[in-house]
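Take a look at the letters that make up each chain.
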Amino acid sequence: MLGLKVCATNAQLSEFFIRWESLHIILGALEHCIDQADLELTEILLCLLNAEKGMCHYARLQTIFWRLFPRRQDRWSCHQTYGDQSLIHWQEFFTDSLWGTLPSSWQEALDGLTPPQLATLLLGMPREGEEIRYRSVWPLTLLALKSTACALAFTRTPGFQTPSEFLENPSQSSRLMAPFRKHVKPKKQHEIRRLGELVKKLSDLTGCTQVVDVGSGQGHLSRFMSLGLGLMVKSLEGNQRLVSRAQRLDQELLQALNKMEKRHPKVVQRGPRHSPHHVVQWVSPTALCEELLLPLETSGQGSARLLLTGLHACGDLSVALLRHFCCCSEVVALASVGCCYMKLSDPGSYPLSQWVAGLPGHELPYRLREGACHALEDYAERLQNAGPGLQTHCFRAALETVIRHVCPELRRPGVQGIPRVHELKIEEYVQQGLQRVGLDPQLPLDLAALRAQQAQENRVVAFFSLALMLAPLVETLILLDRLLYLEEQGFYAELLPIFSPELSPRNLVLVATKTPLGQAFSILENEDI
């Protein structure tokens, strides 16, 4: 099974704690290796990670870390030095001379690498059939960081390599009828089918009478679950405009299905169709939502049994799902895919578990959480293609030097997306960027300095790639905290990678139930035939 189940035994819970602590201290442990030139311990760590990456080996990893950091407070504080102050602020590459903050041996290994080489050697994502060959001997500390980042992160690889639904046509899922594909992009087609089918299985296993889709947007998932899979669905969305759009699409889909049934009665299932019930409702992460708990219809079979779901529930909304699951007896199952971790309220939405909240150094600042939302697989593909769009990182870092010169107190301001960057000269990008942050775009520019910075594009890309390599590790910390929170409440939970990460980077669904399902969990992640 690809997922990782939270169980209520002390031994397994202890294993989770070990994993959490290992995740938080790994960067500090490796930095210590650099400072002390402790190649023996680095070799042990590297060999261990390369040979054994299973969950059962984290206790051995912890033993090595304890040799490095005998005092608990050291183990928990040291990760901040490496994560919070350098790798995550790549926009300050030039203003803060970030290349010089890397160990000299790392600089020598990374300097001059082409984007495809970065994808293959640093991110470990070679093209199909490509053999990984290092042009020089890399420092063991860098290799250990690369291996550890991969080994300690939750697996993001689903049980299929290529989404089978797109083998015939990359724009149309062969697993969805044409009416369900209309107005839906391939990424969303893949997501609603996979999550919808998982919800259907989970609903059957737990005896749910109603599904509540929270943060339903235009209702694509709700329509597929109700009109495609026959589930009773209530959709909650805080935006009135999106709800109105969803209702129009419902009627359009119903008409299309009715026409298809008349033309192809053997293809389309007959029987009553229930459109999703759309409600304009904002769900708070801190207050109970009564509307969420109201049943759609009363049956003689007892009280409603609800299943909560959310497809990429943004920021605190995913936390609201967790809390309603935990505190409401009517809610018996949960299937949640989170996103936008940088929008989590802090404190309040992270950490959730008491155990993590009691750990010194557990904080995950905004920039770390924002970095966890990047698409690692997509960026590796961009590196392999070595497209001109990669220069955006270098241009943005150069813009930061100009901003800092003009307005020293303005640091890393958000820059609205500048279109067609690959067609711009660096000075043109800087001028547009200045205008977007409210500064004079006609300021005199040091063109020689800008050209010198542009010449370091590969270094900027290498530095950004190094930071991005840690993104799955930070996401693992956040999701592991949620697993521990559910376990502390006495519930059963599992994380399953159900989407292709190339199509949908936030591809881990958190599944939770209030009664044990045992081996039945394993059928949820399987691709239906």
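The name an unreviewed UniProt entry assigns to the protein is Protein RRNAD1 isoform X2, from the organism Cricetulus griseus.

A. Expanded view of the nonpolar core. Ranked by internal contacts, the top residues of the largest apolar core, which has 52 residues, are Phe93, Leu110, Leu122, Trp138, Leu142, Leu383 and Leu466. Broken down by secondary-structure element, the contributors of at least two residues to this core are α5 (104-110), α6 (115-122), α7 (140-152), α16 (376-385), α17 (391-406), α18 (426-436) and α20 (457-468). Among residues more than four places away in sequence, those in contact with Leu122 are Leu110, Gln117, Trp138, Leu142, Lys146, Ala462, Ser465, Leu466 and Met469. In terms of nonpolar packing, the next biggest core, distinct from the first, is built from 46 residues, Leu308, Val356, Val474 and Leu484 among them.

B. Representation of the pairing of strand β3 (residues 233-237). For β3, a buried count of 5 out of 5 residues is recorded, marking the element as mostly surrounded by other parts of the structure. Judged by which residues are buried, β3 turns out to be covered on both faces: Val233, Ser235 and Glu237 on one side and Lys234 and Leu236 on the other are all buried. Here 4 bridges tie strand β2 (residues 210-214) to β3, and the two strands are oriented parallel to one another. Of the residues in β3, the one forming a bridge with Val214 is Leu236. Taken together, β2, helix α10 (residues 220-228) and β3 constitute a β-α-β crossover, and its handedness is right-handed. Relative to strand β4 (residues 277-280), β3 runs parallel, the two sharing 4 bridges. Looking across to β4, one finds that Lys234 is bridged to His277.

C. How the structure looks around unusual backbone geometry. Across the junction of Tyr350 and Pro351, the peptide omega takes the value -5°, indicating a cis bond. Tracing the backbone shows Pro351 in the loop between β6 (331-339) and α14 (354-357). If you check the backbone angles, Arg412 has positive phi at about 50° while not being a glycine. By the secondary structure assignment, Arg412 is in the loop between α17 and α18. When its relative accessible area of 23% is taken as the criterion, Arg412 is described as partly exposed.

D. Quick look at the packing of aromatic side chains. Enumeration over the complete set of coordinates arrives at 8 aromatic pairs. With centroids separated by 5.7 Å and ring planes inclined at 70°, the aromatic side chains of Phe93 and Phe463 adopt a geometry described as edge-to-face. Separated by 370 residues along the polypeptide, Phe93 in the loop between α4 (72-87) and α5 and Phe463 in helix α20 bring together distant segments of the chain. Its relative accessible area of 2% is what places Phe93 among the buried residues. Seen from their ring centres, Tyr134 and Trp138 are 4.9 Å apart, and the 70° between their planes marks the pair as edge-to-face. Owing to a relative accessible area of 34%, Tyr134 belongs among the partly exposed residues under this scheme. Residue Trp138 is classed as buried on the basis of its relative accessible area, which comes to 4%. Through pairs of rings, three or more aromatic residues link up here, namely Phe93, Phe94, Trp99 and Phe463. Above the face of the Phe325 ring, Lys514 is positioned so that its terminal group lies 5.2 Å from the ring centre.

E. Focus on the packing of helix α13 (residues 316-327) against helix α21 (residues 471-488). Where α13 contacts α21, the axes come no closer than 11 Å and their chain directions differ by 15°. Taken together, the axes of α13 and α21 are roughly parallel relative to one another. As for the relative orientation of α13 and α21, their crossing is right-handed in sense. Along the contact surface, α13 presents Ser318, Val319, Leu322, Arg323, Phe325 and Cys326, while α21 presents Arg482, Tyr485 and Leu486. Split by residue class, the contact of α13 with α21 holds 6 nonpolar, 1 polar and 2 charged.

F. Geometry of the pattern of salt bridges. Following the criterion strictly, the structure yields 21 salt bridges and no others. Between Glu92 and Arg404 there is a salt bridge, with the nearest N and O atoms lying 3.2 Å from each other. Taken together, the residues Glu92 in the loop between α4 and α5 and Arg404 in helix α17 connect sequence positions 312 residues apart. Taken individually, Glu92 and Arg404 each receive the classification buried, so the pair is uniform in this respect. Glu92 serves as the salt-bridge partner of Arg411, at 3.8 Å between the closest nitrogen and oxygen. In this pair, Arg411 is assigned in the loop between α17 and α18 and Glu92 in the loop between α4 and α5, connecting sequence segments 319 residues apart.

G. Up close: the side chain of Gln391. Looking at where Gln391 falls in the secondary structure, it is placed in helix α17. Accessibility expressed as a relative area gives 10% for Gln391, which makes it buried.

H. Main features of the packing of α6 against α16. In contact at an axis separation of 6 Å, α6 and α16 are set at 135° when each is read in the N-to-C sense. Of the possible angle classes, the one that applies to α6 and α16 is oblique. Seen from above, α6 lies across α16 with left-handed handedness. Residues Pro115, Pro116, Leu118, Ala119 and Thr120 of α6 pack against Ala380, Leu383 and Gln384 of α16.

So, how was this worked out
Residues numbered from 1 in each chain as written. Predicted model: local features only at pLDDT ≥ 70, side-chain atom pairs only at ≥ 80, totals over all residues. Heavy atoms only, no water. Core = buried A, V, L, I, M, F, W, Y, C linked by side-chain atoms within 4.5 Å. Buried < 20%, exposed > 50% of the residue type's maximum accessible area, 1.4 Å probe, protein only. Helix = DSSP H or I, 4+ residues; strand = E, 2+ residues; numbered from the N terminus. Contact = heavy atoms within 4.5 Å. Pairing = 2+ DSSP bridges. Right-handed = clockwise from strand over helix to strand, strands pointing away. Phe/Tyr/Trp six-rings, centres within 6.5 Å; stacked < 30°, edge-to-face > 60°. Lys NZ or Arg CZ within 6 Å of the ring centre and 35° of its normal. Axes fitted to C-alpha atoms, helices over the stretch in contact; angles between N-to-C directions. Parallel < 35°, antiparallel > 145°, perpendicular 65-115°, else oblique. Left-handed = near helix turned anticlockwise from the far one by under 90°. Nonpolar A, V, L, I, M, F, W, Y, C, P; charged D, E, K, R; others polar. Salt bridge = Lys/Arg side-chain N within 4 Å of Asp/Glu carboxyl O.

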